[in-house]
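Survey of secondary and tertiary structure
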Amino acid sequence: MPYYYLQTPDNLQRILQRIEQEIYTPVATLQVEAWITPEPVTFAERQTGTHKVLAIGENWGKLWDCAWFHFTGTVPAVAAAKHVVLMIDLSGEAAVVDKEGTPVLGLTTVSSTFDMSLGRPGKHIMPFSKHAQDGENVDLWADAGCNDLFGAYADSGIVKEAHVALYNETLYNLYHDFAVLHELMTQLQPEKARYQRILHALNKAANELSTYNTEEAQRAREILAPELAKKNGTPSLHVSAIGHAHIDLAWLWPLRETIRKGGRSFSTVLAMMERYPDYIFGASQPQLYQWMKKYYPALYKKIQLRVAEGRWETQGAMWVEPDTNISGGEALVRQILYGMRFFRDEFGTTPRMLWLPDVFGYSAALPQILKEAGIDYFLTIKISWNTFNTFPHHTFFWQGLDGSRVLAHMPPEGTYNSSAAPRAIVAAEKNYADKVVSEYCALLYGIGDGGGGPGSEHLERLAREKNLDGLAPVKQEHMETFFERLAQDSSEYPTWNGELYLEKHQGTYTSQARNKRFNRKMELALRELEFILTLAHLQIGHPYPTETLDTIWQEVLLYQFHDILPGSSIQRVYTESLARYQHLLAQTQELLSQAQHALIQQTTEQTYTLFNTLSWERSTWLKIDRQWRYVTVPSMGYITLDLGLLATRTAEIQLTASRKRLENDVLRVEFAADGSMQGIWDKEYQREVLKPETSANRLAVYDDDGDAWDFSYSYRERPPHHFVLETVSEQIDGPQAIIEQQYRFGDSTLQQRIVLTRGSRRIDFITHVDWREQHKMLRTSFPLAVAATEATCDIQFGSIKRPTHRNTSWDMARNEICAHKWIDISQWEYGVALLNDCKYGHYVTESLLDLNLLRSPMYPGLNADQAEHDFTYALFPHAGNHIQGGVIRAGYELNVPVNIVTGTATASATAGNEQSLSFARIAAENVVLETIKKAEENDDIIIRIYEAFGATTTTTLSLAMTVQTIWQTNLLEVPEKELEHSEHSVEITLQPYEILTLRIHKR
Ligand SMILES: [Zn+2]
């Protein structure tokens, strides 16, 4: 090596640090006072808390305290005519505000525990004056939170910095010149000429620096300038970058802090846009924008202007970035409906992209939902987090259950918090699996997860990386613009068919069980309410409370956020959301009751009206006024019964309920002494349901040292503990044979009511648990005398098959899977489904169905799920597969009971002593009516149906209303074509798993 340098790459790194240290020179300390409150208060109330005068190093609060800070002081003579800034670090987060209290810049402590490999999160420099005057007054207010970006931290609440400082802009620029070249060099091989030329220039520049003054810095910059000016030839990869501040709507902090995180992050974005004309930023989640509109109206107006100008992308298309494993089908539709409507009304934008960078797996139902809402593109990061298998693509078509395809992109760097530094661009190129067929990839930069967003350092780097020899050129632009370019030559892109399963975070199918239960109950309650309201509105003009429904829906959608519904937030988030869920459910039930009673004309002693909101006629045993009756209720309608006139059906068959046996006319269940099941004999098909010499429904408690996201893949290797049976009682109640078991495990107790009803193939396990465990997981399992290579899992608007074996690493990785109302294993002639009313986590092998009932992680929610829980699951043996066996309807029926209301209904049809109405009926069994509601924009009726078996079907929808016009619409209720119809019916054709939305104008 004939050339020897004074500085090696490592030494140059130290010189870089020295340059950074010399940029700011504190010259005076500010006076600091604060008014501290436990919860945020407005600017007008800023002097209402506990008042403290604070010196540097003094503590101002504890975790989650809030404070309005007032900084005052004067510019000292030494700073006269100089470029002056303020340096403020409150070891928390803060927003500096203007005279009206509107945030103008977000601050983040430099000692945050953020992942430093992604960049430094600190934001502590507030511009003051480029030409300060001696004695000039400093008078500044800031709204602070005593928390780290990620919530709790060890060393909180200290005033670390409050200074007037000199700012050397030349050194600042040199720092970024030096840093970008140095990092580019370290990404190259030393034999590259580019490496050697940069090393040479950095050495020469370093040799200029002795006292680190402006003149030296200027000379150093001039030495580096030619290396920064070197451009690529014709590049084979172009990177599209956009600023991002991933703001989880709640996670390691409560919802209320998210509002302030929005104010801090977005004010920083607006401030940076003033300084950097190329800066393009994007943000999703109308919920967050709506908070900005409410709490920071002036800031919100500035955002609207930046959107109109094209500098700020409204990223679609959902109300929040929701979990898509657990959220129901209609809820996903509403996420888009409310999301798109907000962007249209507030910004005049129509997103064509679904932006879900951080969600824990993506349902196979999504591509169709997206296409039907006019969304062609899908962006995520998360599948690059897989534990076992590297997802093979970054650019691909994602094909859903029904065959719909959207163009998907995963920014290949594998993060949505990119540093935008040379190493990030090199990583993107290196990782990009589809660079063979595509010359374009995306990069999302900025501090995130707790908000913050891009700092000036990100934008300084990007200013130097537009076209820098050795790095793929980077252009800041809208992600939809990027997708449009990506879509242009898509002929060679691969297709990924089916769900995007995340090989991680399977604990989130179960954690925070009460939250998941409320979500299920709210989705179903809203479904019921909208239908009954529509009916009452059509029949008797009962008011349809659109605004109230919007408010309830939007709050339910908020709690589907990808760290709330999955259970991965701190406990306060659940304490608050559970209280709100209780309120929302009570409100929904009250509105339902009002609408039902509006449909009831008179109340006589013994008349009852039964409501069925499922789209098929149901026959069931019901206990009405303490008397059992076998009733038939029409589809999507009601029937009035006079108990005095209705004959009581006596039990013609013998039911058995004993400690050892439960038996009806269809099934005979045998119990072991420990309370588990030893055998289930199917009397109709003369076969055993359970695998011989096993026990079923043995309530197993596994060790689970995981957190809310994950539990060990190998948890089954250690034998489980079991709940111990303490007492059993049995009873026959009309058509029901019932065993009640009381169990105990440690301090936890569990009661199970096992019910077998006359004529029913369903064994219900109505369960109440007082769960007091830590790091334990409660599961039940059913080893079956049925084996198959695939299980069928209920998902949104359909079902999917998943392997029951562990042949490949991809099969093995799906150890825990998410299913909604049911999961099923069927042979050709016989199968068994496991139904549930609020559970999602399942483990399946070829002959075992196993359901995750409760977990008890300690982080991030402390003592998560230590509470009382109610849930029901049911075993449903049946002939044939899940279709022939009627599993889909059984799943709905367990979740949606017939409603009993006292009184006589108004009716359009009278038959004998019954008054009944079926508002909607569908001839084909495979077509399910999911939603009936009033149209968003007018008094038309919206009906949403889907094909549930995977069959092409032509069928008739009959309606108890006089139809003037029927349109087929998209999911946003925009008519696409008019359908031929008769006065009360329409013939429709559906493709396998098709979701069809109809809009009906009544005569
Ligand atoms: Zn997130």
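Residues numbered from 1 in each chain as written. Predicted model: local features only at pLDDT ≥ 70, side-chain atom pairs only at ≥ 80, totals over all residues. Heavy atoms only, no water.

On to the side chain of histidine 409. Residue position: histidine 409 is located in strand 17 (residues 405-409). We classify histidine 409 as buried; its relative accessible area is 0%. If we ignore the near neighbours within four places in the chain, the residues touching histidine 409 are Phe378, Leu379, Thr380, His394, Thr395, Tyr432, Tyr440, Cys441, Ala442, Phe482, Phe483 and Leu486. (Helix = DSSP H or I, 4+ residues; strand = E, 2+ residues; numbered from the N terminus. Buried < 20%, exposed > 50% of the residue type's maximum accessible area, 1.4 Å probe, protein only. Contact = heavy atoms within 4.5 Å.)

What follows covers the packing of helix 2 (residues 169-187) against helix 4 (residues 214-229). Taken N-terminus to C-terminus, the directions of helix 2 and helix 4 make an angle of 35°; their axes are 9 Å apart at the nearest point. As for the relative orientation of helix 2 and helix 4, their crossing is left-handed in sense. Taken together, the residues of helix 4 that come into contact with helix 2 (itself represented by Thr170, Leu171, Asn173, Leu174, Asp177, Phe178, Val180 and Leu181) are Thr214, Ala217, Gln218, Ala220, Arg221, Leu224, Glu227 and Leu228. Across the contact of helix 2 with helix 4, the residue classes tally to nine nonpolar, four polar and three charged. (Axes fitted to C-alpha atoms, helices over the stretch in contact; angles between N-to-C directions. Left-handed = near helix turned anticlockwise from the far one by under 90°. Nonpolar A, V, L, I, M, F, W, Y, C, P; charged D, E, K, R; others polar.)

With that settled, consider the confidence of the model for the protein chain. Atomic detail in the predicted coordinates should be set aside for any region of low pLDDT. Chain-level statistics for the protein chain give a pLDDT mean of 96 and a share of 98% at 70 or above. Every residue in residues 909-913 scores below 50 in pLDDT, and together they form seven contacts with partners more than four places removed in sequence or on other chains. (pLDDT = per-residue confidence, 0-100.)

Let's shift gears to the sheet that holds strand 33 (residues 724-733). Paired through their backbone hydrogen bonds, the strands of a sheet run either parallel or antiparallel. Strand order in this open sheet of nine strands is 33-34-35-36-45-42-41-38-39, and the pairing throughout is antiparallel. The strands lining the two open edges of the sheet, one partner per strand, are strand 33 and strand 39 (798-803). On average, each strand axis in the sheet is inclined to that of its neighbour by 20°, with strand direction left out of account. When strand 38 (residues 790-795) meets strand 39, the two strands line up antiparallel, connected through six bridges. Along strand 39, the bridge assignment pairs alanine 791 with arginine 802. Where helix 13 (residues 513-540) meets the sheet, it contacts strand 42 (830-836) and strand 45 (867-879), and its direction lies at approximately 60° from that of strand 45. The sheet contacts of helix 17 (residues 887-895) involve strand 36 (763-771), strand 41 (822-826), strand 42 and strand 45, and relative to strand 42 the element is tilted by about 25°. (Pairing = 2+ DSSP bridges.)

Glancing now at the pattern of salt bridges. Scanning the model with the defined rule gives 68 salt bridges in all. For aspartate 177, the salt bridge is made with arginine 221, and the minimal N-O distance between the two is 2.6 Å. Taken together, the positions of aspartate 177 in helix 2 and arginine 221 in helix 4 put the pair 44 residues apart, joining distant regions of the chain. Among the residues examined, aspartate 177 registers a relative accessible area of 2% and is labelled buried. Here arginine 221 falls in the partly exposed class, since its relative accessible area comes to 24%. The residue glutamate 309 makes a salt bridge to arginine 311 at a minimum N-O spacing of 3.8 Å. Through salt bridges that share partners, Glu39, Glu93, Asp143, Arg256, Glu257, Arg260, Lys261, Arg264, Arg572 and Glu576 make up one connected network. (Salt bridge = Lys/Arg side-chain N within 4 Å of Asp/Glu carboxyl O.)

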